[in-house]
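Each chain is listed here by its residues.
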Amino acid sequence: MTPARGDHEARRRDVSEAVWRVLSARGFEGLTLRAVAAEMGASTGLLTHYFPNKRALVAHALDVLDRRSQERPRRIAPGDGSPPPPAGLPRLRAALLDILPLDGAAAAGNRIWVGSWDVALADPELATAHAARYGRARALLTESAADAQRLGELPGDVPAEQLAAGAQAFALGLVVQALFAPGEFPPERQTALLDAYLAGLTGAAGA
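Before going into details, it helps to say that this report is about the structure given with it.

Criteria and cut-off values
Residue numbering note: each chain is counted from 1, following its sequence as written. Per-residue local features are limited, in this predicted model, to residues with pLDDT of at least 70; the limit for side-chain atom pairs, both in listing and counting, is 80 or more; totals at the level of whole chains, interfaces and linings are taken over all residues. Computation of side-chain values: all heavy atoms of the structure, hydrogens and water removed. Only C-alpha atoms enter the line fits that serve as axes; for helices the fit covers just the stretch in contact. Angles between N-to-C directions range over 0 to 180 degrees. Starting at the N terminus, helices and strands are each numbered in turn, a helix being any DSSP run of H or I of at least four residues and a strand any DSSP run of E of at least two. What sets the label is the angle itself: under 35 degrees gives roughly parallel, over 145 gives roughly antiparallel, 65 to 115 gives roughly perpendicular, and the rest give oblique. The hand of a helix crossing depends on one turn: near helix anticlockwise from the far one by less than a right angle means left-handed, and clockwise means right-handed. Contact definition: two residues touch when any of their heavy atoms are within 4.5 Å. Three categories are distinguished: nonpolar for Ala, Val, Leu, Ile, Met, Phe, Trp, Tyr, Cys and Pro, charged for Asp, Glu, Lys and Arg, and polar for the others, with Gly belonging to the last. Any two of the Phe, Tyr and Trp rings considered here, Trp counted by its six-membered ring, make a pair once their centres fall within 6.5 Å; the pair's planes then place it as stacked at under 30 degrees, edge-to-face at over 60, or tilted in between. Buried residues are those whose accessible area, probed at 1.4 Å on protein chains only, stays under 20% of the maximum for their type, while exposed residues exceed 50% and partly exposed ones sit between those limits. Our definition puts a charge over a ring when NZ of Lys or CZ of Arg is within 6 Å of the ring centre and also within 35 degrees of the ring normal.

What follows deals with the packing of helix 6 (residues 104-121) against helix 7 (residues 124-150). If you want to describe how two helices pack, look at the angle between their axes and the distance between the axes. Two numbers describe how helix 6 lies on helix 7: the axes approach to 8 Å, and their chain directions differ by 140°. In terms of orientation, helix 6 lies oblique with respect to helix 7. Like other packed secondary-structure pairs, helix 6 and helix 7 cross with a definite hand, here left-handed. Touching Trp113, Ser116, Trp117, Val119, Ala120 and Leu121 of helix 6 are Leu126, Ala127, His130, Arg133 and Tyr134, all from helix 7. Along the lines of polarity and charge, the residues of the contact of helix 6 with helix 7 split into eight nonpolar, two polar and one charged.

Each aromatic ring pair is characterised by the separation of its centres together with the angle its planes make. Under the defined criterion, the tally for this structure stands at three aromatic pairs. Between Phe170 and Tyr197 the ring centres are 4.4 Å apart and the planes differ by 15°, which places this aromatic pair in the stacked class. With Phe170 in helix 8 (residues 160-180) and Tyr197 in helix 9 (residues 187-206), the pair connects residues that are 27 residues apart, well separated along the chain. Residue Phe170 is classed as partly exposed on the basis of its relative accessible area, which comes to 26%. Over the aromatic face of Phe185 sits the side chain of Arg189, whose NZ or CZ is 4.5 Å from the ring centroid.

This part takes up the packing of helix 4 (residues 54-71) against helix 7. Put simply, helix 4 and helix 7 touch, their axes get as near as 11 Å, and they point 5° apart. Of the possible angle classes, the one that applies to helix 4 and helix 7 is roughly parallel. Contacts between helix 4 and helix 7 involve Arg55, Val58, Ala59, Leu62, Asp63 and Asp66 on the former and, on the latter, Glu125, Leu126, His130, Arg133 and Arg136. For the contact of helix 4 with helix 7, the residue count by class is four nonpolar, one polar and six charged.

Once that is clear, we can look at the environment of Thr191. Within the secondary structure layout, Thr191 lies in helix 9. Separated by 98 residues in the primary sequence, Thr191 and Arg93 have C-alpha atoms spaced 9.6 Å apart. Here Thr191 is in contact with Arg93, Leu97 and Leu102, once residues within four sequence places are set aside.

Dropping the structure here:
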């Protein structure tokens, strides 16, 4: 008997939650059908209805990671009813701060993201999908950079896409340093380094 659609969706949510718990505890290296099944208290046979192989499981895990990242509280889009930062440089700064491992939850999420890079790079299709995720994030940064240019906060002689790409690259590089050496890159230093980076850009605008 085929499960009702509601039952199927509920089971899929259970699977996604189990995938996330395994990722959080073991990273992509420990993500297996057996590990997810054990987390659910189910058989691996049940999971093959959703994931016929490890690659399908990894692809789903990357989607879960992306969705979880989008759903977590963010400075650029507060979910508590407070207004977002003003358009332009304040919003660009908030978006970049949202990338950094400034607290325990953000550090844990970033560790999973960094762990996903090797997994995605090993498969051209997964790599393309992962590049698209970073591209979407870069597009949002580009919007804020363009607003900052219109407001005279950032130089107008550099394409907004270039400013956004540089800012994203800076933030991701800082993420790696902070994860490997958290004692050397505590939250306050990460924030100061980001502010110094942005100050360098705004300095060009005021020259």
